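An overview of the molecular structure
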Amino acid sequence: RYKGKLIAITGSVGKTSTKDILEKMLSAFGLTHSSPKSYNNNLGVSLTLVNIPKKTEYVICEIGMNRKGEIEPLSTLVAPDVAIITNISAAHLVSFENLEEIANEKASICLGLNKNGLVIFSIDNGFYDLIMNFIDNKKSKSITFGLNSNADISLKNISFFNNQSFAKLVIKNKVFSDFKINSLGLHQLLNCLAAVG
């Protein structure tokens, strides 16, 4: 019955932090729902979905894994409009042969995406081509972020002053100077993204 936007987040680390930041950002635009903790397995994702309040506009689901084959069914259950892959690292190497197998599992979040879905992922992890194969096969859109100058979204000239962080924000080659890196800056980021389409 839910008709709003669904966002799914996976990655080796940073899932819960990203979920919490995103919940704060999206709450400025409408009623937003996510799990209160790191509910990222089959039971936790199901609990997040069945507890969506009425009139919710945005739902954020965290999707985790311990072994192969766990992310695709959870992504299919969520059927997200947007999938975010925070990063890919050796966090689960006990259950996998190598980093490429982890990348393949994380990229399988794309398989549950709705038609015209969007994937947001880091360009710095060395698995750009692998992730893009999933995106292309699903005919989804993508936005990349990272330190690499080819990223759609990146931060340059990061500096610290008076216990605050500043940077130049670059979105699709458009530079926004003196971007403050905090919760206000995240709201600023949404406005910048809207400005460049």
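Below is a short write-up of the structure. (Residues numbered from 1 in each chain as written. Predicted model: local features only at pLDDT ≥ 70, side-chain atom pairs only at ≥ 80, totals over all residues. Heavy atoms only, no water.)

**A short note on the overall build of the protein**
Scanning the protein from terminus to terminus reveals six helices and nine strands. Of all intrachain contacts in the protein linking residues separated by at least 6 positions in sequence, the fraction that spans at least 24 positions is 56%. (Helix = DSSP H or I, 4+ residues; strand = E, 2+ residues; numbered from the N terminus. Contact = heavy atoms within 4.5 Å.)

**Re the pattern of salt bridges**
Under the criterion given, the structure shown has three salt bridges. The closest approach of N and O atoms between Arg67 and Glu70, which form a salt bridge, is 3.3 Å. Of the charged contacts in the structure, one is a salt bridge between Lys68 and Glu101, with a shortest N-O distance of 3.2 Å. A residue pair is termed long-range when its members are at least 10 positions apart, and Lys68 in the loop between strand S3 (58–62) and helix H3 (71–78) and Glu101 in helix H4 (residues 99–107) qualify at 33 residues. (Salt bridge = Lys/Arg side-chain N within 4 Å of Asp/Glu carboxyl O.)

**Observations concerning the nonpolar core**
In this structure, Ile63, Val78, Ile109 and Ile131 are the most contacted members of the largest nonpolar core, which totals 29 residues. Put simply, the parts of the chain that give this core at least two residues each are strand S1 (5–10), helix H2 (42–50), S3, H3, strand S4 (82–85), H4, strand S5 (118–122) and helix H5 (128–138). Leaving out residues up to four positions away in the same chain, Ile131 has contacts with Ile85, Ile88, Ala107, Phe121 and Asn125. The next biggest cluster of nonpolar side chains, apart from the first, holds nine residues, and it includes Ile7, Leu22, Leu26 and Ile60. (Core = buried A, V, L, I, M, F, W, Y, C linked by side-chain atoms within 4.5 Å. Buried < 20%, exposed > 50% of the residue type's maximum accessible area, 1.4 Å probe, protein only.)

**Focus: the packing of H2 against H3**
Working note: a packed helix pair is described by the angle between its axes plus the distance between those axes. Put simply, H2 and H3 touch, their axes get as near as 11 Å, and they point 10° apart. It follows that H2 is roughly parallel to H3 by the angle criterion. In contact with Asn42, Val45, Ser46 and Leu49 of H2, H3 contributes Leu74, Leu77 and Val78. Considered class by class, the residues forming the contact of H2 with H3 number five nonpolar, two polar and no charged. (Axes fitted to C-alpha atoms, helices over the stretch in contact; angles between N-to-C directions. Parallel < 35°, antiparallel > 145°, perpendicular 65-115°, else oblique. Nonpolar A, V, L, I, M, F, W, Y, C, P; charged D, E, K, R; others polar.)

**Focus on the packing of aromatic side chains**
In this structure the tally under the stated criterion is one aromatic pair. Here Phe121 and Tyr128 contribute two aromatic rings whose centre-to-centre distance is 5.9 Å and whose plane-to-plane angle is 35°, an arrangement assigned as tilted. (Phe/Tyr/Trp six-rings, centres within 6.5 Å; stacked < 30°, edge-to-face > 60°.)

**Section: H5**
If you check which residues of H5 are buried, you get Leu130, Ile131, Met132, Phe134 and Ile135. The elements touched by buried residues of H5 are S4, H4, S5 and strand S6 (141–145). Of the residues flanking the end of H5, it is Lys139, one or two places downstream, whose phi is positive at about 60°.

**Some points on a nonpolar patch on the surface**
Taken together, the side chains of Leu43, Leu47 and Val50 define a hydrophobic patch exposed on the protein surface, amounting to about 310 Å² of accessible area. Along the chain, Leu43 turns up in helix H2. (Patch = residues over 30% accessible without salt bridge, like charges linked within 9 Å, V, L, I, M, F, W, Y side chains within 5 Å. Areas by Shrake-Rupley, 256 points an atom, 1.4 Å probe, with all protein chains shown as cover.)

**Some thoughts on the packing of H4 against H5**
It is at 10 Å that the axes of H4 and H5 come closest, and there the two elements cross at 30°. In terms of axis orientation, H4 runs roughly parallel to H5. For the element pair H4 and H5, the recorded crossing hand is right-handed. Contact residues: Glu100, Ala103, Asn104 and Ala107 in H4; Leu130, Ile131 and Phe134 in H5. Of the residues in the contact of H4 with H5, the class split is five nonpolar, one polar and one charged. (Left-handed = near helix turned anticlockwise from the far one by under 90°.)

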